[in-house]
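Architecture and fold: a report
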Amino acid sequence: QVTLRESGPALVKPTQTLTLTCTFSGFSLSTNGMCVSWIRQPPGKALEWLARIDWDDDKYYSTSLKTRLTISKDTSKNQVVLKMTNMDPVDTATYYCARLRVHLGFAFDIWGQGTMVTVSS
Amino acid sequence: QSALTQPPSASGSPGQSVTISCTGTSSDVGGYNYVSWYQQHPGKAPKLMIYEVTKRPSGVPDRFSGSKSGNTASLTVSGLQAEDESDYYCSSYAGSNNLGVFGGGTKLTVL
């Protein structure tokens, strides 16, 4: 069974750096075609794709946020970490990690439950 | 990458069919057969309903179908049921050096 679970702080202050960890099981991120992405959703708003890391360690970032984002993986721990610098109240959102499968046409087939992050002083 | 365009809302009565559109450009929707659709109930994570424009994952009812014409993809829900009331999002691959893009979401109401 494939599962993903997000973890990190529920509350961060403006200007701080947010660090989120996605811990997954049931697959290996070293397998060809496996990728993990971070997606966020502000309250009442649409999904926004933030970053993606691939089995071969290729990384992709949102054009509008790329200067603030860093994605990395620890294959031995089955974890993907997202860092977002200079947090602002507009970054308040539920943050999801999801498995993306190249061989399913770059679709997200399994999602974590999400973690709500509030940015406030 | 610019978001794909979806209508904010759609509705239909039980048993009817409803179609939700997702319009992009030749750089995303029109350029690849890599459009996927997600259903999201309130407070829940999205769920994959359609991938590669027309394919359904195991367990998704065949009432859900996908299609594409030019730069516009569509999700059709036939034989509407109360549990289909949800938000629906499309997503598209946008090339080898890009992240991909989501639509703005459509709230489907079953009347």
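Look above for the structure.
Residues numbered from 1 in each chain as written. Chains lettered and ligands numbered in written order. Predicted model: local features only at pLDDT ≥ 70, side-chain atom pairs only at ≥ 80, totals over all residues. Heavy atoms only, no water.

**Topic: the overall build of chain A**
Inclusion rule: What counts as a helix is a DSSP run of H or I of at least four residues, what counts as a strand is a run of E of at least two, and both are numbered from the N terminus. As a reference, a globule follows 2.2 Å times the number of residues to the power 0.38, and the radius of gyration itself is taken over C-alpha atoms.
When helices and strands are tallied, chain A shows 0 helices and 11 strands. Along the chain direction, N to C, the helices and strands of chain A fall in the order β-β-β-β-β-β-β-β-β-β-β. Relative to a compact globule of 121 residues, whose C-alpha radius of gyration would be 14 Å, chain A shows 14 Å and is just as compact. Structurally, chain A occupies a C-alpha span of about 40 × 25 × 25 Å along its principal axes.

**Here we look at the environment of B:Gly105**
Residues and elements named next belong to chain B. For the record, the criterion: Two residues qualify as a contact provided that any one of their heavy atoms is within 4.5 Å of a heavy atom in the partner residue.
Here Gly-105 shows up in the loop between β8 (101–102) and β9 (106–110). For the pair Gly-105 and Cys-90, spaced 15 residues apart in sequence, the C-alpha separation works out to 7.2 Å. Among all residues touching Gly-105, those that are not within four sequence positions of it are Gln-6, Pro-7, Pro-8, Tyr-88 and Tyr-89.

**Some details on the side chain of B:Ser86**
Residue and element names in this part refer to chain B. This is how the line gets drawn: A simple rule labels every residue: compare its accessible area, found with a 1.4 Å probe on the protein chains alone, to the largest value its type can have, and call it buried under 20%, exposed over 50%, or partly exposed in between. Throughout this description, a polar contact denotes any pair of N or O atoms lying within 3.5 Å of each other; where both atoms belong to protein, one of them has to be capable of donating a hydrogen while the other can accept it, and for residues adjacent in sequence the pair is counted only when both atoms sit in side chains.
Of note, Ser-86 is situated in strand β7 (residues 86–92). By relative accessible area, Ser-86 is classed as buried at 4%. Among the polar contacts listed, one links the side chain of Ser-86 to the backbone nitrogen of His-41, at a separation of 3.3 Å. The contacts of Ser-86, once residues within four sequence positions are left out, are Gln-39, Gln-40, His-41, Thr-106, Lys-107 and Leu-108.

**Structural notes on the pattern of salt bridges**
Residue and element names in this part refer to chain A. Heads up, the condition is: We count a salt bridge whenever a side-chain nitrogen from Lys or Arg sits within 4 Å of a carboxyl oxygen from Asp or Glu.
Under the counting rule described, the total for this entry stands at 9 salt bridges over all chains. A salt bridge links Asp-109 to Arg-101; the shortest N-O distance between them is 3.2 Å. Ionic contacts of the salt-bridge type, sharing partners, join the residues Arg-40, Glu-48, Arg-68 and Asp-91 into one network.

**Observations concerning the state of the cysteines**
Our working rule: Cysteine sulfur atoms are paired as a disulfide whenever they come within 2.5 Å of each other.
Under the counting rule described, the total for this entry stands at 2 disulfides over all chains. At a sulfur-sulfur separation of 2.2 Å, the disulfide partner of A:Cys22 is A:Cys97. Looking along the S-S bond of the A:Cys22-A:Cys97 disulfide, the torsion reads about 70°, which is the right-handed sense. Pair noted here: A:Cys22 is in strand β3 (residues 18–25) and A:Cys97 is in strand β9 (residues 93–101), with a separation of 75 residues, a long-range link. The burial state of A:Cys22 is the same as that of A:Cys97; both residues are buried. Covalent S-S linkage joins B:Cys22 and B:Cys90, the inter-sulfur distance amounting to 2.0 Å. When the S-S torsion is 80°, as for the bridge of B:Cys22 with B:Cys90, the disulfide is right-handed. In this pair, B:Cys22 is assigned in strand β2 (residues 18–23) and B:Cys90 in strand β7, connecting sequence segments 68 residues apart. Among the residues examined, B:Cys22 registers a relative accessible area of 0% and is labelled buried. Looking at B:Cys90, the relative accessible area reads 0%, which means it is buried. Free of any disulfide, A:Cys35 has its nearest cysteine sulfur in A:Cys22, 13 Å distant. Judged by its relative accessible area of 0%, A:Cys35 falls in the buried class.

**Some remarks on the sheet that holds strand β8 (residues 79–84) of chain A**
Residues and elements named next belong to chain A. Note the cut-off: By definition, two strands form a pair when at least two bridges between them are found by DSSP. In this analysis an axis means a line fitted to C-alpha atoms, helices contributing only their contacting stretch, and an angle means the value between N-to-C directions, from 0 to 180 degrees.
The antiparallel open sheet is built from 4 strands, whose spatial order is β1-β3-β8-β7. The open sheet is flanked by β1 (3–7) and β7 (69–74), the only strands paired with a single partner. Each strand axis lies, on average, 15° off the axis of its neighbour in the sheet, ignoring direction. Inspection of the sheet shows β7 paired to β8 by 6 bridges, in the antiparallel sense. Bridging from a neighbouring strand, Lys-73 pairs with Val-80 of β8.

What is shown is where atoms sit, not what they do.
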